[in-house]
Amino acid sequence: MTPTLSGRMQSRFVLLLIVGVPLTLVLGAVLPRPTATTTLSDMYEVFFAALVLVGVVGIVWELIYHGLQQFRWEKDWPTIFGLVTGIPEGIVVYLLLDRGFPWEFGDVPISLFLQMFILVWIAIWLIANGPLQIFFPRWRYQGGRFI
Amino acid sequence: MQQQPTEVVSPRHDPPPTGGSGDVSDALMAKPTWSDHDLIGHGIPIYDVPFVTVGGGLGSFAMVDILRVAGVSAEHMVALSDLDQPSETYEHLAKNSQIPSHERLRSDSGSVLDCLWGWPGYALREAIADRNPKRAWQVMTEPILAEYFTPKAGQVYESVTREANRIGWSSMVKKGVVRTVRRREGGEYFVLFTPATGTAATKRIAYRCRYVHIAVGYPGVKFLPDLQAYRDKYQDYAKVLNAYEPHLHAYEEMLRRPTTVLVRGSGIVASRVLQRIIDDRDNTGAQTTIVHLFRSYPDGYQGDKRTFRRPARNGWSYQAFNYPKSAWGGQIRYTLEKLEGQERSDYIDQLGGTNTAPRKDWQEQLDRGLEQGFYKQLRGTVKTVEPTADGRQVNTVVTTPDGYELGIEADFIIDATGLEASIEEHRVLKDLLSYGGADKNPKGRLNVDHDFLVRGTESGAGRLYASGSITLGGYYAGVDSFLGLQYASLRIADAMAAEGFCKKIGPLRSAAQWTRWARNKTP
Ligand SMILES: Cc1cc2nc3c(=O)[nH]c(=O)nc-3n(C[C@H](O)[C@H](O)[C@H](O)COP(=O)(O)OP(=O)(O)OC[C@H]3O[C@@H](n4cnc5c(N)ncnc54)[C@H](O)[C@@H]3O)c2cc1C
């Protein structure tokens, strides 16, 4: 991919919206609940908080990535970077959730978080690397911008 | 066979053709704009069709493909060409420059000419066809853990043929040569065409159309001036060769006896020529010595900014593709779009210039050659090129950077600089510059706007567009590439959609059309 800064931001939010949200709705319902008393809305509360954090904290991440990209002659962002950046991003989101940010959830089981986060991250990564263009054929020429 | 007109019309409000020879006259050619009467008077039949593309190569194909997806029917488009299949000229040039069908090209997985969506790319298709995830893994990890994936030439040809069949390409192609494009009095254009012999009753026919798209490829190959002078003077076409022309006899000779070859140029074409010679050494025991002449000799980084420099080594500048990747659709594309005139031209030179792909197999061959002495590098400028006294070889006298003069006697000289002729060498383009209102950009090519409209050529509601190498120097760097041809086509189609000629390819049409593409159904 060859994103521009605004393309990065736009792609992040659009993909969270069109892939992240529906997938999270499904995952909240199907992933095993940590305790017998956990309700669907408890699940959604944590999952969607995570999704919002990926978006909001992502603004800072994208600025960093964009800065790093300047050191690449091609001004590109290799496909694999899009995958491995999930590791630091996942850690930060988990730490924030665990420390009661944006609000207190009680104990967030790490395995549950990992299942949700990894699935959503990979789904977004896969869709961004091709299938998205079925609907948006100009996206790849526009540095990831939609508008 | 009689050519099937898209729609034969008696010219609007005019009597049917009378008299005339069916050919142009000097008087007509001297007239910048033509009326319907002019052509009728010359007995040249007029055919009406809204859209004509001139060339019928990969650029025309990319354009027509997108317009078909944008809802234009095959009856409303004509491709005037010397080719049956859009990839023919490309195949010819690729073969000459030592890219046979099984060799890999220099564009990425997503540069899929047959599929405007770019997905699935060539890598995924190859992985599926071979039932082997290797290529998919390569494209996911390029260029960090693996070299860039690039498709095999044959895969490109096959996919283009499949798509050509899907969109009804052969029904749109009229074979022959375009003589000129002229503005029509009252708006629109005439495309004057010389149909292949036996396909029409008159020598010329004219297409009257609102849109013209010009994609004639390279106006011609050009030799280095000193080599051209040698060829003209000594009429020696066997020893001084251009990599884009057929030159297999040289490789055959290299197998028969030990020879010395002088290679000029240090771009991708030179890489391929060297690979061919060294492969023959490695596999068939040829004993060729290569002398490689460099005019400039980059080593270390090119560019002094940490954020704007590319690697160079042993005289070669390296980058994966002709331009940095983001020139096709990222930061660099946007930077370039804002530049004008000389500044734009200079920036394109910095991004491109002479460069080749950092392929490990090539570097291994050259390092080995340098070490073992069958590949020698030389820096300098050429002073003279003359036959040796016995007439068997060609002697090139080179002035080295420290002022010495050196003679190199070689059995063959291969010009791999890939120089292109100026656009005036092409009759249609020259005519557009003289009569059509077109002018040149700082790189001496056609001056086009951001939508690839040839500036100054508008004719009432008529619009004239161009794509491919003849537009280099405009607002987009990678014009002469698969992806660049598709990009230009998309821009042009969007501009035409805004004028109501075709449908805008929005998300829904796009997805619906992609599923038709995937099922190989007509658009
Ligand atoms: C050796 C080589 C390797 C390349 N490799 C790659 C690569 O790996 N990846 C990549 O993306 N790009 C590559 N390119 C660049 C580019 O994609 C091709 O050159 C491509 O074929 C350009 O398409 P085109 O339509 O502009 O020209 P062409 O495909 O050459 O088509 C133009 C056609 O118009 C015809 N024509 C000209 N004048 C007239 C006339 N008056 N009437 C009728 N017909 C006319 C010509 O005869 C020709 O057949 C390569 C180019 C070359 C030369």
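Details of the structure are given in the entry above.
Only a predicted model underlies this, so the values are computations on that prediction, with no experimental measurement involved.

A. Broad picture of the overall build of chain A. For chain A, the helix and strand inventory stands at six helices and zero strands. When the elements of chain A are put in sequence order from the N terminus, they spell out α-α-α-α-α-α. By the compact-globule yardstick of 15 Å for 147 residues, chain A fits well, its C-alpha radius of gyration being 16 Å. With the principal axes as the frame, chain A shows a C-alpha extent of 50 × 30 × 25 Å.

B. A look at the pairing of strand β5 (residues 173-184) of chain B. All names here are of chain B. With nine of twelve residues buried, β5 lies mostly within the body of the structure. Two strands pair when backbone bridges link them, and strand β1 (residues 33-34) and β5 are joined in this way by two bridges, in the parallel orientation. Across the sheet, the residue bridging to Trp34 is Arg184, located in β5. Inspection of the sheet shows strand β4 (residues 77-81) paired to β5 by three bridges, in the parallel sense. By the bridge assignment for β5, Ser81 is matched with Lys175. Here β5 runs beside strand β6 (residues 189-195); their pairing, made up of seven bridges, is antiparallel. Each residue of the ladder has a partner; that of Gly176, found in β6, is Pro195. Counting the residues between successive antiparallel strands, the hairpin from β5 to β6 contains four residues, one of them, Gly186, with a positive phi of roughly 90°.

C. View of the site of the ligand. Residues and elements named next belong to chain B. Neighbouring the ligand are 29 residues; Gly59, Asp82, Thr89, His426 and Phe482 lie closest to it. The contact in question runs from an oxygen atom of the ligand to an N or O atom on the side chain of Tyr218, over 3.3 Å. In the complex, the protein chains occlude 90% of the 980 Å² of accessible area that the ligand would expose alone. Those elements giving two or more residues to the shell around the ligand turn out to be α3 (58-69), β4, α4 (88-96), β5 and α16 (482-498). Looking at the shell around the ligand residue by residue, the classes come out as 15 nonpolar, eleven polar and three charged.

D. A look at the pairing of strand β16 (residues 381-387) of chain B. All names here are of chain B. Here six bridges tie β16 to strand β17 (residues 394-399), and the two strands are oriented antiparallel to one another. Its bridge partner lying in β17, Val385 is registered against Thr396. Between β16 and β17, which pair antiparallel in sequence order, lie six residues; one of them, Gly391, sits at a positive phi of approximately 75°.

E. Focus on the sheet that holds strand β14 (residues 316-317) of chain B. Residues and elements named next belong to chain B. Overall, antiparallel pairing links the three strands, which are arranged β12-β13-β14 in an open sheet. Pairing within the sheet leaves two strands with one partner each, and these edge strands are β12 (300-305) and β14. Here strand β13 (residues 308-313) pairs with β14 via two bridges, running antiparallel. Directly across from Arg313, in β14, lies its bridge partner Trp316.

F. Inspection of the interface of chain A and chain B at higher detail. Across the boundary between the two partners, chain A contributes 31 residues, which contact 46 residues of chain B. On the chain A side of the contact with chain B, Trp73(A), Ile134(A) and Tyr141(A) bury the most area, a combined 29% of that side's loss. Taken together, the links from chain A to chain B amount to one salt bridge. One salt bridge connects Arg138(A) with Asp494(B), and the closest N-O pair in it is separated by 2.7 Å. Within the residue set of the side of chain A that touches chain B, elements represented by two or more residues are α2 (40-69), α3 (79-84) and α6 (132-135) of chain A.

G. Region of the structure containing the pattern of salt bridges. Using the criterion set out here, one finds 41 salt bridges over all chains in the structure. Here Arg12(A) makes a salt bridge to Glu89(A), at a shortest N to O gap of 2.7 Å. Residue Arg12(A) is found in helix α1 (residues 5-30), and its partner Glu89(A) is found in helix α4 (residues 86-98); the two are separated by 77 residues along the sequence. For the pair shown, Arg12(A) and Glu89(A) are each scored as buried. With a shortest N-O distance of 2.6 Å, Glu253(B) and Arg257(B) are connected by a salt bridge. What makes Arg257(B) partly exposed here is its relative accessible area of 34%. One salt-bridge network, held together by shared partners, links Arg8(A), Arg12(A), Glu62(A) and Glu89(A).

H. Representation of the packing of aromatic side chains within the structure. Residue and element names in this part refer to chain B. Within the structure shown, the criterion is met by 29 aromatic pairs over all chains. A ring pair is formed by Tyr211 and Phe501, whose centres lie 4.9 Å apart and whose planes are at 55°; its orientation type is tilted. Taken together, the residues span a long stretch of sequence, with Tyr211 in strand β8 (residues 211-214) and Phe501 in the loop between α16 and α17 (507-518) at a distance of 290 residues. The ring of Tyr334 has Arg333 sitting right over it, with the charged end atom 4.6 Å from the ring centre.

I. Highlighting the sheet that holds β16(B). All names here are of chain B. Strand order in the open sheet formed by three strands is β16-β17-β18, and the pairing between neighbours is antiparallel. If you trace the sheet from one side to the other, it starts and ends with β16 and β18 (405-410), each paired once. Across the sheet, the axes of successive neighbouring strands diverge by a mean angle of 20°, strand direction being ignored. Running at roughly 15° to β16, helix α9 (residues 225-234) makes contact with β16 and β17 of the sheet.

J. Focus on unusual backbone geometry. A cis amide bond links Phe101(A) with the next residue in sequence, Pro102(A), at an omega value of 0°. Relative to the helices and strands, Pro102(A) resides in the loop between α4 and α5 (110-128). Going from Glu142(B) to Pro143(B), the amide bond is cis rather than trans, its omega being -20°. With respect to the helices and strands, Pro143(B) occurs in the loop between α6 (134-141) and α7 (153-167). Positive phi outside glycine occurs at Gln235(B), with the angle close to 50°.

K. Region of the structure containing the packing of α3(B) against α16(B). Residue and element names in this part refer to chain B. With their axes 8 Å apart at the nearest point, α3 and α16 run at an angle of 45° to one another. Classed by the angle they form, the pair α3 and α16 counts as oblique. Read as a crossing pair, α3 and α16 show a hand that is right-handed. The segment α3 lies against α16, with Leu58, Gly59, Ala62, Met63, Ile66 and Leu67 engaging Phe482, Leu485, Gln486, Ser489, Leu490, Ile492, Ala493 and Met496. In terms of residue class, the contact of α3 with α16 is made up of eleven nonpolar, three polar and no charged.

What counts, and at which threshold
- Residues numbered from 1 in each chain as written.
- Chains lettered and ligands numbered in written order.
- Predicted model: local features only at pLDDT ≥ 70, side-chain atom pairs only at ≥ 80, totals over all residues.
- Heavy atoms only, no water.
- Helix = DSSP H or I, 4+ residues; strand = E, 2+ residues; numbered from the N terminus.
- Rg over C-alpha atoms; globule rule 2.2 N^0.38 Å.
- Buried < 20%, exposed > 50% of the residue type's maximum accessible area, 1.4 Å probe, protein only.
- Pairing = 2+ DSSP bridges.
- Near = heavy atom within 4 Å.
- Polar contact = N/O pair within 3.5 Å; in protein donor to acceptor, adjacent residues only side chain to side chain.
- Areas by Shrake-Rupley, 256 points an atom, 1.4 Å probe, with all protein chains shown as cover.
- Nonpolar A, V, L, I, M, F, W, Y, C, P; charged D, E, K, R; others polar.
- Contact = heavy atoms within 4.5 Å.
- Buried area = accessible area lost by both parts, 1.4 Å probe.
- Salt bridge = Lys/Arg side-chain N within 4 Å of Asp/Glu carboxyl O.
- Phe/Tyr/Trp six-rings, centres within 6.5 Å; stacked < 30°, edge-to-face > 60°.
- Lys NZ or Arg CZ within 6 Å of the ring centre and 35° of its normal.
- Axes fitted to C-alpha atoms, helices over the stretch in contact; angles between N-to-C directions.
- Parallel < 35°, antiparallel > 145°, perpendicular 65-115°, else oblique.
- Left-handed = near helix turned anticlockwise from the far one by under 90°.

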